[in-house]
Amino acid sequence: NAGVTQTPKFQVLKTGQSMTLQCAQDMNHEYMSWYRQDPGMGLRLIHYSVGAGITDQGEVPNGYNVSRSTTEDFPLRLLSAAPSQTSVYFCASKRGQGIYEQYFGPGTRLTVT
Amino acid sequence: KNEVEQSPQNLTAQEGEFITINCSYSVGISALHWLQQHPGGGIVSLFMLSSGKKKHGRLIATINIQEKHSSLHITASHPRDSAVYICAVRGRGETSGSRLTFGEGTQLTVNP
């Protein structure tokens, strides 16, 4: 199993550009989520999904969109990038509802100029 | 005050030393996770606890639910243990999503 994969690893955007961060998992996990990690702050939840076709907002959803058309994929869209979205983004998945281990992707380092 | 507080923020040790990282939380929880973030950025799960103590190799994690406190211990530390260690809690009654609340992390450096 590849686990949780993310692309790209690095990205530089100009203010106002849009882009999609890709996330995929091959473990047939129901739950997937996106976090951002900023210096001096813990990981913060952006959006999450409890299964294909079901998504919900996390702690810091503004400026981001998600969809979950398949169990495997959970892309994160930046609609109009802003410098405040400069961060490291992690996708994670877990088996299902209940207390399960979370598996993290390798992260995407995004810089918005 | 953050819901999850870790101490210390930074820790430097000599190889072989016994290390303790602490995590205190202010909410009722159903589980607590300890994660390790490598210098390259990848995050791996070390432990998931809802009570008692777990051991994996040189790593030991304990939790005291009444005191809302958990510790991560590393015995016979090694330079390869250098990483950021992150505590995260899952709130009690959280029945949907992957809602974890994370501490800011403890940067551990083990010198040879």
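Look up a bit, the structure's there.
The present account deals with the structure reproduced in this document. From a predicted model like this one, the values you see are computed outputs, not experimental measurements. (Residues numbered from 1 in each chain as written. Chains lettered and ligands numbered in written order. Predicted model: local features only at pLDDT ≥ 70, side-chain atom pairs only at ≥ 80, totals over all residues. Heavy atoms only, no water.)

Let us now look at the pattern of salt bridges. One pass over the structure, following the stated rule, counts 3 salt bridges over all chains. Here D38 of chain A and R44 of chain A are joined by a salt bridge, their closest N and O atoms 2.8 Å apart. We note a salt bridge from D81 of chain B to R58 of chain B, for which the minimum N-O separation is 2.9 Å. Linking D81 of chain B in the loop between β8 (69–74) and β9 (83–91) with R58 of chain B in the loop between β6 (52–56) and β7 (59–64), this pair joins segments that are 23 residues apart in sequence. Judged by its relative accessible area of 6%, D81 of chain B is buried. Several salt bridges converge on common partners, so that one network encompasses R36, D38 and R44 of chain A. (Salt bridge = Lys/Arg side-chain N within 4 Å of Asp/Glu carboxyl O. Helix = DSSP H or I, 4+ residues; strand = E, 2+ residues; numbered from the N terminus. Buried < 20%, exposed > 50% of the residue type's maximum accessible area, 1.4 Å probe, protein only.)

Turning to the packing of aromatic side chains, a few remarks are in order. Under the definition given, this model contains 3 aromatic pairs over all chains. Centroid distance Y35 of chain A to F104 of chain A: 6.0 Å. Interplanar angle 35°. Geometry classified as tilted. One end of the pair, Y35 of chain A, is in strand β4 (residues 31–37); the other, F104 of chain A, is in strand β10 (residues 103–104), and 69 residues separate them in sequence. A relative accessible area of 10% means that F104 of chain A is categorised as buried. Arranged with centres 5.1 Å apart and planes meeting at 80°, the rings of Y35 of chain A and F102 of chain B form a pair that is edge-to-face. With Y35 of chain A in strand β4 and F102 of chain B in strand β10 (residues 100–102), this residue pair bridges two chains. In this structure, Y35 of chain A and F102 of chain B share a single accessibility class: buried. Taken together, Y35 and F104 of chain A together with F102 of chain B form an aromatic cluster joined through their ring pairs. (Phe/Tyr/Trp six-rings, centres within 6.5 Å; stacked < 30°, edge-to-face > 60°.)

We now examine the sheet that holds strand β3 (residues 19–25) of chain A. Residues and elements named next belong to chain A. Overall, antiparallel pairing links the 4 strands, which are arranged β1-β3-β8-β7 in an open sheet. Bordering the open sheet on either side are β1 (4–7) and β7 (64–66), each of which pairs with just one other strand. Here the average twist between neighbouring strands, direction ignored, is 20°. In this sheet, β3 lies alongside β1 in antiparallel orientation, the contact comprising 4 bridges. Counted as the bridge partner of T5 is A24 from β3. (Pairing = 2+ DSSP bridges. Axes fitted to C-alpha atoms, helices over the stretch in contact; angles between N-to-C directions.)

The subject of this paragraph is unusual backbone geometry. Residue T7 of chain A is joined to P8 of chain A through a cis peptide bond whose omega torsion reads -5°. Inspection of the secondary structure puts P8 of chain A in the loop between β1 and β2 (10–13). A cis geometry characterises the amide bond from S7 of chain B onward to P8 of chain B, with omega recorded as -5°. The backbone of N28 of chain A shows a phi angle near 60°, a positive value even though the residue is not glycine. Tracing the backbone shows N28 of chain A in the loop between β3 and β4. Phi at A76 of chain B is positive, roughly 50°, even though this residue is not glycine. If you trace the backbone, A76 of chain B turns up in the loop between β8 and β9. What makes A76 of chain B partly exposed here is its relative accessible area of 46%.

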